[in-house]
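What the coordinates show
Spelled out from the first residue to the last, the chains are:
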Amino acid sequence: MTGLKRNLEIKINRLLKNFPVVIILGVRQCGKTTLAQILRPKWRYFDLERGIDYDFITRDFEFFIKEHPHSIIIDEAQRFPNLFQELRGVVDRDRQRKNRFLLTGSSSLELIKNVSESLAGRVGIVELATLKTNERYGLNIPDFYQLFQGPLTHKTTEFIKSLKAHLTHDQVMEMFLTGGYPEPVLAEDALFYESWMENYVQTYVHRDIRSLFPKLDLSKYQRFVSMLTALSGTIINRSEIGRSLDISEKSIRDYLQIAEGSYIWRNIPSYEKSVSKSVVKMPKGNIRDSGLTHFLQGITRRNKLLTYPQVGATFEAFVFEEIIKGLQSTMLTNWSYFYFRTKNGAEIDMILEGSFGILPVEVKFGSTVKLRQLKALKAFVYNNDLPLGIVINNSDDIRLLADRIIQLPVTFI
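What comes next concerns the included structure.

What counts, and where the lines are drawn
- Residues numbered from 1 in each chain as written.
- Predicted model: local features only at pLDDT ≥ 70, side-chain atom pairs only at ≥ 80, totals over all residues.
- Heavy atoms only, no water.
- Helix = DSSP H or I, 4+ residues; strand = E, 2+ residues; numbered from the N terminus.
- Expected span 1.5 Å × (residues − 1).
- Buried < 20%, exposed > 50% of the residue type's maximum accessible area, 1.4 Å probe, protein only.
- Contact = heavy atoms within 4.5 Å.
- Axes fitted to C-alpha atoms, helices over the stretch in contact; angles between N-to-C directions.
- Parallel < 35°, antiparallel > 145°, perpendicular 65-115°, else oblique.
- Left-handed = near helix turned anticlockwise from the far one by under 90°.
- Nonpolar A, V, L, I, M, F, W, Y, C, P; charged D, E, K, R; others polar.
- Pairing = 2+ DSSP bridges.

**Section: helix 14 (residues 249–261)**
For helix 14, spanning 13 residues, the distance from its first C-alpha to its last is 18 Å, which sits close to the expected 18 Å at 1.5 Å a residue. Those residues of helix 14 that sit buried are Ile252, Tyr255, Leu256, Ile258, Ala259 and Gly261. Elements that come into contact with the buried residues of helix 14 comprise helix 11 (190–212), helix 12 (218–231), helix 13 (238–245) and strand 7 (265–268).

**Side note on the packing of helix 12 against helix 13**
Where helix 12 meets helix 13, the closest approach of the two axes is 11 Å, and the angle between their N-to-C directions is 130 degrees. In terms of their interaxial angle, helix 12 and helix 13 are classed as oblique. Here helix 12 runs over helix 13; the crossing is right-handed. Within the contact between the two elements, helix 12 uses Arg223, Phe224, Met227 and Leu231 and helix 13 uses Ile241, Ser244 and Leu245. Taken together, the residues of the contact of helix 12 with helix 13 break down into five nonpolar, one polar and one charged.

**Details of unusual backbone geometry**
You will see that glutamine 29, though not glycine, has its phi angle at about 65 degrees, which is positive. Secondary-structure assignment places glutamine 29 in the loop between strand 1 (21–25) and helix 2 (32–39). Of note in this structure, arginine 404 is not a glycine but carries a positive phi near 70 degrees. Tracing the sequence through the fold places arginine 404 in the loop between strand 13 (399–402) and strand 14 (405–409).

**What about the sheet that holds strand 3 (residues 72–75)?**
In spatial order, the strands read 2-3-4-1-5; together these five strands make up an open sheet with parallel pairing. The strands lining the two open edges of the sheet, one partner per strand, are strand 2 (44–47) and strand 5 (123–127). Ignoring strand direction, the axes of neighbouring strands in this sheet form an average angle of 15 degrees.

**Brief notes about the packing of helix 11 against helix 12**
Relative orientation of the contacting elements helix 11 and helix 12 amounts to 135 degrees, with a least axis distance of 11 Å. Accordingly, the angle class assigned to the pair helix 11 and helix 12 is oblique. Crossing hand, helix 11 versus helix 12: right-handed. For the pair formed by helix 11 and helix 12, the contact residues are Val201, Gln202, Tyr204, Val205, His206, Ile209 and Arg210 on the first element and Leu218, Tyr221, Gln222 and Val225 on the second. Counted by class, the contact of helix 11 with helix 12 contains seven nonpolar, three polar and one charged residues.

Okay, structure coming up:
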C-alpha cells in the first residue's frame, strides 16, 4: 500500500504550505497514516494509540514540543482532545511558520469542535475517504472534475462530450462490489477480503465505538449499523427504524450522529431552495463505502450483487460517494451536496451547489434510460433555469438524452 497514489496528495501539500497545521480526517483503515508518511517521510511519527507515544506527548507537552517543535506527524489525534489547545500556543508563538504539524483523526464527533475552537485560522482540514476507483487502479483523477473549476453554462455540454473514459465497466463493477478499504481490496484475495471485513466490523463496534461511548449498548448499535446498510441511498425514517429495533427515536438520532461522526455514514440534507412548495425534508443517507454495505448484506460475489433487490439504491450511493471523493480532492471550497424529492414522488438523486452553480445528477444502474424517467430532472432544470442536468449510468457513450439533459457513463467519473 506504500506505493499507492492518493488524489488528495496535491491538496494536502498546498495546505501545508499555507498552514502550520493540517489534519487528515477519515474512517478507520482508509489510509490516513500511510498517506501522511508518504507526504512527509522524514518527519517524526507518533501514534497516540501507542502507550509510549501517548505518555510522552501528554505527560509534559511543553517538553515534548521543545524536543519536537516542528516536522511531526501525530496519528489518532482524537485520543488527546487537549492537543489542539496546546498546539494553539505553539503556533501562535511563531505564526508565520508553516508546514509544521500533520495530524490524523478517525472521529469527528468532538474533534472538529475542538479544532474549530482552538485552531481556527491555523489549520487546514481535509477528509480522506476509502479509495476512489481511479486510485485503486493507479490512474489519474478523471477530467470530469475540471467541470467545477468555473461557472456551468450551456457550453458545458460540449466539454462533457469531449471527455474520455478513465475506467472499464469491469473495474467499476468490481469497485462497486468490494468498496475501497485499501488493505483488503489491494490484496486481491477473496478469503482475506472476507476475513478482513468481518474483523473490521467487530473492531469498529467493539473497540472504536466502545472507547468513544463506553455506556452505549453495543449489540443494539451493531444491529443498527446492519440495518443502515439495507437503507443506504434511501430516505431515513427514524421512527420506523426505532420501531424495528425497539429503540427510541432519540436513540436512533444519536446512533446516526455516531455513525456519521465515525465516517461510516453520510447524512444527506434535502434541497429546500427549489421553487417547489412540496419538498420532502426528511434526511437521506449513505453508507460511505459500498463494500461495507454489500459485505454486511452478505453480498461478496458479482452475480449475487446483480440480483440484489436494492442494487439500484446501493449503486446510487456508490456514485454519490465517488463524486464527493473527486470533489474533495480539488481545491474547490464552499460547495454542498443535497438530494431532492417532492411529496408527489418527483426525485433527483444528487444536487451539487457551489461557485460553479447548481448541477442536478440522476443515477441509474442500467444502461438505457427511458424519457419518462427524466421527467423530474427535466422539470428541475427548467424550473431553476439551469444549463444542464446529468444522468450517470452504465452506458457506453456520452450523448444528449433530451434538451439540456446529458448522459455520462459511470466509467468517466
